[in-house]
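Coordinates in review
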Amino acid sequence: MTAEVVDVRPAEASDAAQLLTLLMQLAAESNTFTIDDGLGELSEAEERSQIEQITRTTTNTIFVASLGDDLIGVGTVQATDDLIKQKGEVGVAVLKKYWGQGLGTALVEEVIYWAQDFSTLSQLVLTVQLRNERATKLYQHLGFKQVTPASYNVVDPTGKKVAAIDMVLEV
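Now for a quick tour of the structure. This is a predicted model, so every value here is computed, not measured.

**Focus on the overall build of the protein**
When helices and strands are counted, the protein shows four helices and eight strands. Reading the protein from its N end, one meets helices and strands in the order β-α-α-β-β-β-α-β-α-β-β-β. On C-alpha atoms alone, the protein measures out to a radius of gyration of 15 Å, which is about the 16 Å that the 2.2 N^0.38 rule sets for 171 residues. Its C-alpha atoms give the protein principal-axis dimensions of roughly 40 × 35 × 35 Å. Taking the intrachain contacts of the protein between residues at least 6 apart in sequence as the baseline, contacts between residues at least 24 apart amount to 63%. Total accessible area on the protein stands at roughly 9,600 Å², and carbon and sulfur atoms take up 49% of it. Separation of charge centres in the protein, based on 13 positive and 24 negative side chains, amounts to 9 Å.

This is how it looks when you write it as structure tokens:
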């Protein structure tokens, strides 16, 4: 990233088309990032509507990292089905071209700030593949604690079984 400034901000409805493109590119570039089934069939109008709905909740959010007019990263929180504990599942991904430049950290910090100051959640949770050492260290550095006693296998987007752990942050 030369002299251009990366902006981390809440997603807006006008980001819908670019966000869909970004998510598909992230899924293609990384074997540690998965997208929801059916995302490829969402229209721009449907994504715009989803962004608008998400921004009206206190349990879900989308942050984007942009460089100029281009979206280059995303951080999300999605409420889990555990309504009693008010958990939100965190997802973060950055285009491979921008790895190692602090964007993942900036996105996770924004998610944590949102969760502590604006959400009604009590916990942020995530699953991280152990082969993604940078992400594991980042989450630990930002206060996430391992909650699974040992690693367990998850299936990555290529169908390969990989070791993972669950982590939680009390907010």
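After that view, the rundown keeps rolling.
**Thoughts on the pattern of salt bridges**
Under the defined criterion, the tally for this structure stands at four salt bridges. A salt bridge links R9 to D7, with the nearest nitrogen and oxygen atoms 3.8 Å apart. By relative accessible area, D7 is classed as partly exposed at 37%. Of the charged contacts, one joins E44 and R48 as a salt bridge, the two residues approaching to 3.6 Å between their closest N and O atoms.

**Looking at the environment of V128**
Assignment of secondary structure puts V128 in strand β5 (residues 123–129). For V128, a relative accessible area of 4% puts it in the buried group. Residues V128 and L39 lie 89 residues apart in sequence; the distance between their C-alpha atoms is 21 Å.

Conventions adopted
- Here the residue numbers are simple positions, counted from 1 along each chain's written sequence.
- In keeping with the model being predicted, local features are shown solely for residues with a pLDDT of at least 70 and side-chain atom pairs are shown and tallied solely at 80 or more, while totals for entire chains, interfaces and linings include all residues.
- Excluded from the side-chain calculations are hydrogens and water; all other atoms, namely the structure's heavy atoms, are used.
- Strands are runs of DSSP state E lasting at least two residues, helices are runs of H or I lasting at least four, and both sets are numbered from the N terminus onward.
- As defined in this context, the radius of gyration uses C-alpha atoms, and a globule is described by 2.2 Å times the residue total to the power 0.38.
- For this analysis, residues touch if any pair of their heavy atoms sits within 4.5 Å.
- Method for areas: the Shrake-Rupley scheme with a 1.4 Å probe, in which residue coverage is limited to the protein chains shown.
- Two residue types count as positive, namely Lys and Arg, and two as negative, namely Asp and Glu; His and chain ends fall outside the count.
- Charged side chains are reduced to one point each, which is NZ for Lys, CZ for Arg, CG for Asp and CD for Glu.
- Every case where a carboxyl oxygen of Asp or Glu lies within 4 Å of a side-chain nitrogen of Lys or Arg is listed as a salt bridge.
- Classification of residues uses two cut-offs on accessible area relative to the type maximum, computed with a 1.4 Å probe and protein chains only: under 20% is buried, over 50% is exposed, and between them is partly exposed.

Interpretation note: all reported values are geometric properties and have no functional meaning in isolation.
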